[in-house]
Amino acid sequence: MNAKSAINKEIFAPHDERMLGAVQVKRRTKKKIPFLATGGQGEYLTYICLSVTNKKPAQASITKVKQFEGSTSFVRRTQWMLEQLRQVNGIDPNRDSPEFDLLFENAFDQWVASTASEKCTFFQVLHHTCQRYLTDKKPEFINCQSKIMGGNSILHSAADSVTSAVQKASQALNERGERLGRAEEKTEELKNSAQQFAETAHKVGLWDKALTFQVTHSFLMRKL
């Protein structure tokens, strides 16, 4: 089981939520830690996760999840409702880059994703989720590549793939139906031909019997 599947099972599923997407990140700038907060748990991995509740009305949220060094479990940290997200900054709209910023009502974080493609996928899911679950006060997406906002997203591609698969399956069923129809017609033709042959054979058999009777009768009459 990969990390994201484990996070979904361990963090979100027990709360009747499902994870829609996640991105592994590191801070671009080190966060200032108060003097009294020293003596932490060491190195850790950080994931920014997007989830939604299964109960209606569905509520989406963004959660910071950590996995500390030497541990196989995950820990839920800060969580924001999706309505609290104000701005998503892709940093550079002209190239694939792993950097991005998230601005909330009461927080601002600067991140670097593990890869640019992972950031792009997360942004696509995030943008789609905002359009689906937020009716107003949608966050501003700035400095983002057009493929994140437009029809080239992974979500649209997936939808197109599903539609194409359905169309191909439907076409295959139609073709199979046509073949079955032709086979049924051929079977009916063979059945009719067999029936006609049987009737003809029966008639021929009766004619042969009649002819034999006539010949025999003529022969007997001559003898008499």
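Residues numbered from 1 in each chain as written. Predicted model: local features only at pLDDT ≥ 70, side-chain atom pairs only at ≥ 80, totals over all residues. Heavy atoms only, no water.

This is how it is decided: UniProt positions are given in the numbering used here, feature names are shortened, and annotations may be inferred rather than shown by experiment.
By the naming in an unreviewed UniProt entry, the protein is Syntaxin-binding protein 6, taken from Anas platyrhynchos platyrhynchos. Note on the protein: under the UniProt heading Function (unreviewed entry), the record states "Forms non-fusogenic complexes with SNAP25 and STX1A and may thereby modulate the formation of functional SNARE complexes and exocytosis." On record in UniProt, under Subunit (unreviewed entry), the comment for the protein is "Part of a ternary complex containing SNAP25 and STX1A that can be dissociated by NAPA and NSF. Interacts with STX4A."

A word on the nonpolar core
Applicable threshold: Joining through side-chain atoms within 4.5 Å is the link that ties buried Ala, Val, Leu, Ile, Met, Phe, Trp, Tyr and Cys residues into a set, and such a set is a nonpolar core. Summary of the burial criterion: residues with accessible area below 20% of their type's maximum are buried, those above 50% are exposed, and those between are partly exposed, where the area comes from a 1.4 Å probe applied to protein chains only. Helix numbers and strand numbers start at the N terminus; a helix is a DSSP run of H or I with at least 4 residues, a strand a run of E with at least 2. Contact between two residues is taken to exist if any of their heavy atoms lie within 4.5 Å; hydrogens are not considered.
Ranked by internal contacts, the top residues of the largest apolar core, which has 25 residues, are Ile 48, Ile 62, Leu 82, Leu 85, Phe 100, Leu 102 and Leu 126. Listing elements by their share of this core, those giving two or more residues are strand E1 (17-27), strand E2 (44-53), strand E3 (60-68), strand E5 (85-89), strand E6 (99-104), strand E7 (108-113) and helix H2 (116-133). Sequence-distant contacts of Phe 100, defined by excluding residues within four places in its chain, comprise Val 23, Val 25, Arg 28, Asn 89, Ile 91, Asp 109, Gln 110, Trp 111, Ala 113, Lys 119 and Phe 123. Counting 10 residues, the second-largest nonpolar core is a separate cluster that includes Ala 6, Ile 11, Phe 12 and Tyr 47.

Some remarks on the sheet that holds E7
The test is simple: Any two strands between which DSSP finds at least two bridges are classified as paired. Axis definition: a line fit to C-alpha positions, over the contact stretch in the case of helices; interaxial angles, taken between N-to-C directions, run 0 to 180 degrees.
Spatially, E4-E3-E2-E1-E7-E6-E5-E8 is the arrangement adopted by the eight strands of the open sheet, whose pairing is mixed. Each of the sheet's edge strands pairs with one partner strand only, and the pair in question is strand E4 (75-81) and strand E8 (140-142). Averaged over neighbouring strand pairs, the angle between their axes works out to 30° when direction is ignored. The strands that helix H1 (residues 3-12) touches are E1, E2, E3 and E4; relative to E1, the one it contacts most, it runs at about 120°. Taken strand by strand, H2 contacts E1, E2, E3, E5, E6, E7 and E8, and its axis lies near 135° from that of E1.

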